[in-house]
Amino acid sequence: MSDALQIAKAQFVEAARRAYTRGIQTGNGGNISVRVPGENLMVVKPSGVSLIDCTAENLTVTDFDRNIVEGTRKPTRESVLHGELYKHLPTIGGIVHTHSPWAIAWSFTRRDLPLLTMHTQLKLGAPIPVRFFSSPQGVLLEEIPEVLNLFTAKPDLAAFILGAHGVVAVGPDVLEAEHTAELIEETAQVAFLYELGTKLQIIPAAGEGGTGHDR
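Scope of this entry: the structure provided in the associated data block. (Residues numbered from 1 in each chain as written. Predicted model: local features only at pLDDT ≥ 70, side-chain atom pairs only at ≥ 80, totals over all residues. Heavy atoms only, no water.)

## Considering the packing of aromatic side chains
- Evaluated as defined, the whole model comprises four aromatic pairs.
- Ring plane angle 70° and centroid distance 5.6 Å describe the contact between Trp-102 and Phe-192, whose orientation is recorded as edge-to-face. Taken together, the positions of Trp-102 in helix H3 (residues 101-107) and Phe-192 in helix H6 (residues 174-199) put the pair 90 residues apart, joining distant regions of the chain.
- Given a relative accessible area of 33%, Phe-192 falls into the partly exposed group.
- Over the ring of Phe-132 we find Arg-110; its NZ or CZ atom is 3.8 Å from the centre of that ring. (Phe/Tyr/Trp six-rings, centres within 6.5 Å; stacked < 30°, edge-to-face > 60°. Helix = DSSP H or I, 4+ residues; strand = E, 2+ residues; numbered from the N terminus. Buried < 20%, exposed > 50% of the residue type's maximum accessible area, 1.4 Å probe, protein only. Lys NZ or Arg CZ within 6 Å of the ring centre and 35° of its normal.)

Structure representation (structure tokens):
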């Protein structure tokens, strides 16, 4: 095993355990991948394996077209999207997709996620897009150009929310992508509670002494 592959696997396991213990992904859903530097390869979660159960020994290594290079388990079906992102966006080193409940709940508003806190404004820069696609299982191959357009239109975009499905966060490495996924879940919770508070008139709406961040 090359040093680059060994490091990629170790980072994968660290990010997977963090996502699970932070509660942004439970059960055996969600998926993570890591680009292997210097090679057209990615480490991906095997289908049906929980993030907390991922180890360096049971991970799957594929090329960007999902051809298995190492491992005995088939890769998660959403690795199709991951491979295309790695192919076309060389600055991405890691991808984290989680079925985060607050982010999913927010997606049903069909509005981009606003950055209501100073921290998110500093870290994320712009509202996080919400996009619904035709399949509840993820982005189909023919829909991937729409995802690529999100990132090419805003090169600093760190994530988007799949409607009724969850967060897809990217980063120069997988640990940064996982931190972004956590931050988006926290932001969605704040946004949801803010909306609820204004509806109940506990919190004044923007322009009435509210945060004003969504002006």
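Once the structure has been displayed, the description carries forward.
## Details of the pattern of salt bridges
- This structure, assessed with the given rule, holds eight salt bridges.
- A salt bridge links Glu-182 to Arg-18, with the nearest nitrogen and oxygen atoms 2.5 Å apart. Of this pair, Glu-182 sits in helix H6 while Arg-18 sits in helix H1 (residues 3-21), placing them 164 residues apart in sequence.
- The partly exposed category is assigned to Arg-18, whose relative accessible area is 29%.
- The residue Arg-111 makes a salt bridge to Glu-195 at a minimum N-O spacing of 3.1 Å. With Arg-111 in the loop between H3 and helix H4 (118-124) and Glu-195 in helix H6, this pair connects stretches of sequence that are 84 residues apart.
- Here Arg-111 falls in the partly exposed class, since its relative accessible area comes to 40%. (Salt bridge = Lys/Arg side-chain N within 4 Å of Asp/Glu carboxyl O.)

## Points about the pairing of strand S5 (residues 94-98)
- Summarising burial for S5: five of the five residues are buried, a large majority.
- What you see with S5 is no split at all: Gly-94, Val-96 and Thr-98 on one side and Ile-95 and His-97 on the other are buried throughout.

## Quick look at unusual backbone geometry
- Backbone geometry places Arg-66, a non-glycine residue, at a positive phi of 75°.
- The residue Arg-66 is located in the loop between strand S3 (60-63) and strand S4 (68-70) in this model.
- Backbone geometry places Gln-201, a non-glycine residue, at a positive phi of 65°.
- Its location among the elements puts Gln-201 in the segment after H6.

## Let's talk about the nonpolar core
- Among the nonpolar cores identified, the biggest contains 40 residues, and Phe-12, Ile-32, Val-43, Leu-113, Ile-161 and Ile-184 are the most heavily contacted of them.
- If you list the elements that add at least two residues to this core, you get H1, strand S1 (31-36), strand S2 (41-44), H3, strand S7 (159-162), strand S8 (166-171) and H6.
- When residues in this core are grouped by element, the largest group, eight residues, is from H6.
- Leave out the neighbours within four places in its chain, and Ile-184 touches Leu-113, Leu-124, Ile-128, Ala-159, Ile-161 and Val-167.
- Residues Phe-133, Phe-151, Phe-160 and Val-170 belong to the second largest nonpolar core, which totals 21 residues. (Core = buried A, V, L, I, M, F, W, Y, C linked by side-chain atoms within 4.5 Å. Contact = heavy atoms within 4.5 Å.)

## Quick notes on the pairing of S7
- Burial along S7 is two-sided: the residues Ala-159 and Ile-161 and Phe-160 and Leu-162 are all buried.
- Bridge analysis of S7 against S8 gives four bridges, and the strand direction is antiparallel. What sits directly across from Ile-161, in S8, is Val-167.
- Where S7 hands over to S8, the hairpin turn is made up of three residues, of which Ala-164 adopts a positive phi near 60°. (Pairing = 2+ DSSP bridges.)

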